[in-house]
Amino acid sequence: MTDRILKAAITASVALMALLYVAHNIANLQQAYDFFVYTTSHADQEAYPVTLLPVPPAFLIVIAMALVFSLELLAGLGGLYGAWRMFSLRRASPSAFEAGKRWAKIAMGAAVVNWWGLFQGVAVAGYQLWQMPLGQGPFDGSWVYGGMAMMTLIYLSIYERGAD
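Below you will find a few notes about this structure. (Residues numbered from 1 in each chain as written. Predicted model: local features only at pLDDT ≥ 70, side-chain atom pairs only at ≥ 80, totals over all residues. Heavy atoms only, no water.)

## Quick look at the nonpolar core
Thinking step 1. In terms of nonpolar packing, the biggest core is built from 27 residues, with M65, F69, M86, M108, W115 and A149 touching the most fellow members.
Thinking step 2. When residues of this core are traced back to their parent elements, those giving at least two are α1 (2-27), α2 (29-39), α3 (58-88), α5 (102-126) and α6 (136-157).
Thinking step 3. Top contributing element to this core by residue count: α5, with seven residues.
Thinking step 4. Counting residues in each nonpolar core, the second largest holds five residues, with Y38, A123, V124 and M132 among its members. (Core = buried A, V, L, I, M, F, W, Y, C linked by side-chain atoms within 4.5 Å. Buried < 20%, exposed > 50% of the residue type's maximum accessible area, 1.4 Å probe, protein only. Helix = DSSP H or I, 4+ residues; strand = E, 2+ residues; numbered from the N terminus.)

## Observations regarding unusual backbone geometry
Thinking step 1. One non-glycine residue, H42, adopts positive backbone phi at about 70°.
Thinking step 2. Position of H42 relative to the elements: it lies in the loop between α2 and α3.
Thinking step 3. Although it is not a glycine, D44 sits at a positive phi angle of roughly 55°.
Thinking step 4. Along the chain, D44 falls in the loop between α2 and α3.

## Describing the packing of aromatic side chains
Thinking step 1. Applying the stated criterion across every chain yields a total of seven aromatic pairs.
Thinking step 2. Summarising the aromatic geometry, the rings of Y48 and W130 are spaced 5.4 Å apart at their centres and angled 80° between planes, so their arrangement reads as edge-to-face. In this pair, Y48 is assigned in the loop between α2 and α3 and W130 in the loop between α5 and α6, connecting sequence segments 82 residues apart.
Thinking step 3. The exposure class assigned to Y48 is exposed, which follows from its relative accessible area of 52%.
Thinking step 4. Given the relative accessible area of 33%, W130 is considered partly exposed.
Thinking step 5. Judged by centre distance (5.4 Å) and plane angle (65°), the rings of W115 and Y145 are edge-to-face. Residue W115 is found in helix α5, and its partner Y145 is found in helix α6; the two are separated by 30 residues along the sequence.
Thinking step 6. Exposure remark for W115: the relative accessible area of 3% places this residue in the buried category.
Thinking step 7. An aromatic cluster of three or more residues is present, and its members are Y21, W115 and Y145.
Thinking step 8. The ring of Y155 has K7 lying over it, and the distance from NZ or CZ to the ring centre is 5.2 Å.
Thinking step 9. Over the face of the ring belonging to F87 we find R90, whose NZ or CZ atom lies 3.9 Å from the ring centre. (Phe/Tyr/Trp six-rings, centres within 6.5 Å; stacked < 30°, edge-to-face > 60°. Lys NZ or Arg CZ within 6 Å of the ring centre and 35° of its normal.)

Here's what the structure looks like:
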């Protein structure tokens, strides 16, 4: 039962982090928009001045923000629901507990897609966020946050055969 409680607690902690990030993004909506504009503008890129991805129009930036915020919200709310579900099934059969991990896995997958797929893949590699003075925090942070979610997803994926 220790692993089951840990799986719920770790999932809840990553979910809470995601919720805090989306809450801060929404509370600072104009600054978030300005940051998205800055990171896709090709500004302050001196090491590799040629960026292959185009500067997007404003409507695509809004769509990108909505996608990021939605994934963070899914990671947060889905993760908290999944953590609660796992905790409530901590004494259940292995198959019932396994089925109860569904939302936790979906949530952690959303976090990985957001922080590794969108941040590391699109922003860092595609728009070369790593070159920008204001990009170092999101560059480092998205790697760590995606790693936390991926490690949690791996841990959640371990099936406890006959653990009861």
